[in-house]
2 protein chains.
Amino acid sequence: MSVNTLVRNIKAKGNPTVAGLDARLEYIPAHITEKYTAEYGCTLKAAAASMMEFNKGLIDALCDVVPAIKPQAAYYELLGPEGAVVLRDTIAYAHEKGMYVIADIKRNDIGATASAYAQAYLGETEVGGVSLPVYGSDSVTVNAYLGTDGIEPFLKECRERAKSMYILVKTSNKSSGEFQNRDMEGAPLFVRMAEKVAEWGAELMTECGYSEVGAVVGATYPEEQEIVRKLIPHSYFLVPGYGAQGATAKDIANAFNDDGLGAIVNSSRGIMCAWKKCDLDYQEAARAEAIRMRDDIVSAIR
Amino acid sequence: MSVNTLVRNIKAKGNPTVAGLDARLEYIPAHITEKYTAEYGCTLKAAAASMMEFNKGLIDALCDVVPAIKPQAAYYELLGPEGAVVLRDTIAYAHEKGMYVIADIKRNDIGATASAYAQAYLGETEVGGVSLPVYGSDSVTVNAYLGTDGIEPFLKECRERAKSMYILVKTSNKSSGEFQNRDMEGAPLFVRMAEKVAEWGAELMTECGYSEVGAVVGATYPEEQEIVRKLIPHSYFLVPGYGAQGATAKDIANAFNDDGLGAIVNSSRGIMCAWKKCDLDYQEAARAEAIRMRDDIVSAIR
């Protein structure tokens, strides 16, 4: 689905946030994990079943409040092929509940291989002349260290299927400046990356005023965020780093344009682990935290 | 397994090459794919079964000649969860046949998430106090745009389990120079990346004289290859671009050190699709091409 759909969802819910579904087993309440280890033993199957129940419960609790989810591929791959089933089924379940899905895969490769990734997550696979959906997400994250060749196959899927993508520009982690902030011919690498995002995104403008090509810009670097915001006003920002990684709503205000749009702020551990900090069950706790986060961010951008 | 094991395999077989297993369906002979579409219809299951038979056939045909395989994750992800099973089982089968496995995943993320990737591909997952293997490869490829935070979890697995990794330095694709060759404070970005590879790899030196931290350096850029070779003499190079991507054995000579070691050259389509260019069956054709490639490269580095 296009960034248009994302913006429609954000407006309908009055909520520019996305729930990161990065379920490590230790984030899942024991009553869930113990049920499945009792049934399947201490196996990847038990872990995957726990993750699926937890994800479904979170989606049920969040779907009328939060417009989108962002499953982080790493945590699914950590459970092997069983985890791949959970990723596919979580995406499908979120779609049933009307949520937009950003698969956080940070893939990158040369053209032929990037095509396979783009088809796997945004497009379809052809088997004997029949086109089959695979993971079916609406949007992906991509690393552009390899340049245009590795981006074009994702642009193609965005173009042909009205999907969207976010390119890593300035990441939220501590060491992101090691390369991203060093000077490249007169401007930091993250600025050079943003310039390319503008170039790649120009042909994929949509009616909501934003391009299908967005950028990942960490909330933990408000100054860089402001620079990138001005440089690529038509790119949606996917903003990690709020909450568990330390950024506040104030840090995030710069990510938004004057229309109150232009960014979607992620919280993963903050929402998934909310139950650990209160007496509510995990669903109620996640929902309460999502509402708190929404109000916190909405108040900061007005 | 450590880079030591790789070097031992390379010496034992007199062959510094790796077979890329990137099985797109169109690379697989029709007698295989038709058998499974007849059984399972035009489904991902049929595609995965075809890929598994093809991969096993290739491994059988190559295992006494070629020291290592490099499955490219994208082509497995393209078949959804069924493809994840094929990836896992291909790695296990290659191990049974004594081959070294480099999982070409080009992953990258912030620390917590990079840990999940590192555990999934090089380490183990813990479920209820029990440690379980997941994909179990010996080595991975990694993109370091995020800096040290995203690399450290892979270093940890290399350190604790004697595994190895290859960091993208100069990739083989046409547009790799868009970022990688631009000047960063007095040297191209790919040089800055190589400097970091040296830094990260210093603590992981092994008895064969090489570090567990290697570099991806495309055969299609012999000049850059020479620069990087001098800069990081103790890092093994994973060299894509030979054959189908256009580089010759002469282009690759610079990737090797004077000891005749220091690089492993990949061929994917050249080996997998060899049957399309001759009258041999796919196994004989792959083996003949692997031997031709070995002789071609060995003659160029002596």
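Criteria and cut-off values
Residues numbered from 1 in each chain as written. Chains lettered and ligands numbered in written order. Predicted model: local features only at pLDDT ≥ 70, side-chain atom pairs only at ≥ 80, totals over all residues. Heavy atoms only, no water. Helix = DSSP H or I, 4+ residues; strand = E, 2+ residues; numbered from the N terminus. Rg over C-alpha atoms; globule rule 2.2 N^0.38 Å. Buried < 20%, exposed > 50% of the residue type's maximum accessible area, 1.4 Å probe, protein only. Contact = heavy atoms within 4.5 Å. Areas by Shrake-Rupley, 256 points an atom, 1.4 Å probe, with all protein chains shown as cover. Pairing = 2+ DSSP bridges. Axes fitted to C-alpha atoms, helices over the stretch in contact; angles between N-to-C directions. Core = buried A, V, L, I, M, F, W, Y, C linked by side-chain atoms within 4.5 Å. Least-squares fit on C-alpha atoms with pLDDT ≥ 70 in both. Polar contact = N/O pair within 3.5 Å; in protein donor to acceptor, adjacent residues only side chain to side chain. Salt bridge = Lys/Arg side-chain N within 4 Å of Asp/Glu carboxyl O. Phe/Tyr/Trp six-rings, centres within 6.5 Å; stacked < 30°, edge-to-face > 60°. Lys NZ or Arg CZ within 6 Å of the ring centre and 35° of its normal.

Colleague: Can you help me understand the overall build of chain A in this one?
Modeller: Tallying secondary structure elements over chain A gives 13 helices and 12 strands in all. The C-alpha atoms of chain A give 19 Å as radius of gyration, which agrees with the globular expectation for 302 residues (19 Å, within 12%). Considered along the principal axes of its C-alpha atoms, chain A spans approximately 60 × 55 × 35 Å. In chain A, buried positions account for 63% of the 302 residues. Nonlocal contacts in chain A, meaning residues at least 24 apart in sequence, comprise 72% of its contacts between residues at least 6 apart. Carbon and sulfur atoms form 50% of the exposed surface of chain A, whose accessible area is close to 10200 Å².

Colleague: Looking at this structure, how should I read the sheet that holds strand β1 (residues 17–21) of chain A?
Modeller: Within a beta sheet, neighbouring strands are joined by backbone hydrogen bonds and run either parallel or antiparallel to one another. Residues and elements named next belong to chain A. Around the barrel, which closes on itself, the 8 strands sit in the order β1-β2-β3-β6-β7-β10-β11-β12 with parallel pairing between neighbours. Averaged over all pairs of adjacent strands, the angle between their axes in this sheet comes to 30°, without regard to strand direction. Sheet analysis places β1 next to strand β2 (residues 68–71), joined by 4 bridges and oriented parallel. By the bridge assignment, Gly 20 is partnered in β2 with Lys 70. With respect to the sheet, helix α13 (residues 282–301) is in contact with β1 and β12 (263–267), its orientation differing from that of β12 by roughly 145°.

Colleague: How do you make sense of unusual backbone geometry when you look at a structure like this?
Modeller: Note: most peptide bonds trans; most residues except glycine with negative phi. Residues and elements named next belong to chain B. The backbone phi angle of Ala 162 is positive, close to 55°, even though this residue is not glycine. Within the element layout of this structure, Ala 162 appears in the loop between α7 (148–161) and β7 (164–170). Its relative accessible area of 35% is what places Ala 162 among the partly exposed residues.

Colleague: In this structure, what is going on with the nonpolar core? I would like to understand it.
Modeller: Within soluble globular proteins, side chains that are nonpolar tend to cluster in buried spots. Counting 228 residues, the largest nonpolar core has Met 165 and Tyr 236 of chain A together with Met 165 and Tyr 236 of chain B as the members making the most contacts within it. Excluding its chain neighbours within four sequence positions, the residues that come into contact with Met 165 of chain B are Ser 139, Val 140, Val 142, Ile 151, Phe 154, Leu 155, Cys 158, Glu 212, Val 213 and Gly 214 of chain B.

Colleague: Explain the relation of the copies chain B and chain A here, please?
Modeller: Two chain copies, one operation linking them: a rotation about an axis together with a shift along it. For the pair chain B and chain A, the superposition axis carries a translation of 0.0 Å, the fit reaches an RMSD of 0.0 Å, and the rotation angle comes to 180°. Interpreted geometrically, this transformation is the action of a two-fold axis. By C-alpha distance to the rotation axis, the residue of chain B lying nearest is Met 184 of chain B, at 2.2 Å.

Colleague: Honestly, the environment of Asp 281 of chain A in this entry has me stumped. Any pointers?
Modeller: Residue and element names in this part refer to chain A. For Asp 281, the location among the structural elements is in the loop between α12 (269–272) and α13. Taking C-alpha positions, Asp 281 is 36 Å from Ser 175, a pair spaced 106 residues apart along the chain. Within the structure, the side chain of Asp 281 is placed 2.8 Å from the backbone nitrogen of Glu 284, a separation counted as a polar contact.

Colleague: What am I meant to see in the interface of chain B and chain A here?
Modeller: Interface size is commonly expressed as the accessible surface area that is lost when the partners come together. Listed per partner, the contact involves 72 residues of chain B and 72 residues of chain A. The residue Lys 196 of chain A makes a salt bridge to Glu 178 of chain B at a minimum N-O spacing of 3.4 Å. Seen at the junction of chain B and chain A, the total is 47 residue pairs in polar contact (both at pLDDT 80 or more). Considering each element in turn, the side of chain B that touches chain A owes the most residues, 8 residues, to helix α6 (residues 111–121) of chain B.

Colleague: Would you take a moment to explain the sheet that holds strand β12 (residues 263–267) of chain B for this structure?
Modeller: All names here are of chain B. As summarised here, the arrangement of the 8 strands in space is β1-β2-β3-β6-β7-β10-β11-β12, forming a closed barrel in which the pairing is parallel. Strand-to-strand twist in this sheet, taken as the mean axis angle between neighbours without regard to direction, amounts to 30°. Both strand β2 (residues 68–71) and strand β3 (residues 100–107) contribute to a ladder of 2 bridges, which runs parallel. Bridging across to β3, Ala 68 finds its partner in Tyr 100. Against the sheet, helix α5 (residues 80–96) contacts β1 (17–21), β2 and β3, and its axis sits at roughly 175° relative to β2. Contacting β7, β10 (211–217) and β11 (235–239), helix α10 (residues 222–231) runs over the sheet at an angle of about 160° to β11.

Colleague: Where do I start with helix α1 (residues 3–13) of chain B in this structure?
Modeller: Since the α-helix packs 3.6 residues into each turn, any two residues three or four apart lie on the same face. Residue and element names in this part refer to chain B. Along α1, the residues that are buried comprise Val 3, Asn 4, Thr 5, Leu 6, Val 7, Asn 9 and Ile 10. Elements in contact with the buried residues of α1: β2, β3, β7, β10, β11 and β12. With a side-chain oxygen positioned 2.9 Å from the backbone nitrogen of Asn 4, the residue opening α1 is Ser 2. Backbone geometry just after α1 places Gly 14 at a positive phi near 55°.

Colleague: What should I look at first to understand the packing of aromatic side chains in this one?
Modeller: One pair of aromatic rings is described through two measures. These are the centre distance and the angle between the planes. Scanning the entire structure with this criterion turns up 8 aromatic pairs over all chains. On the numbers, 5.0 Å between centres and 35° between planes, the contact of Phe 54 of chain A with Tyr 282 of chain A is tilted. Placement of the pair is Phe 54 of chain A in helix α3 (residues 44–62) and Tyr 282 of chain A in helix α13, with a sequence separation of 228 residues. Across the pair, Tyr 282 of chain A and Phe 54 of chain A agree in class, each one buried. The interplanar angle of 5° and the centroid separation of 6.4 Å between the aromatic rings of Tyr 36 of chain B and Tyr 40 of chain B together place this pair among those described as stacked. Residue Tyr 36 of chain B and its partner Tyr 40 of chain B are located together in helix α2 (residues 30–40), separated by 4 residues, close to a single helical turn. Given the relative accessible area of 15%, Tyr 36 of chain B is considered buried. In this structure, Arg 229 of chain A packs its charged tip against the face of Phe 237 of chain A, placed 3.9 Å from the ring centre.

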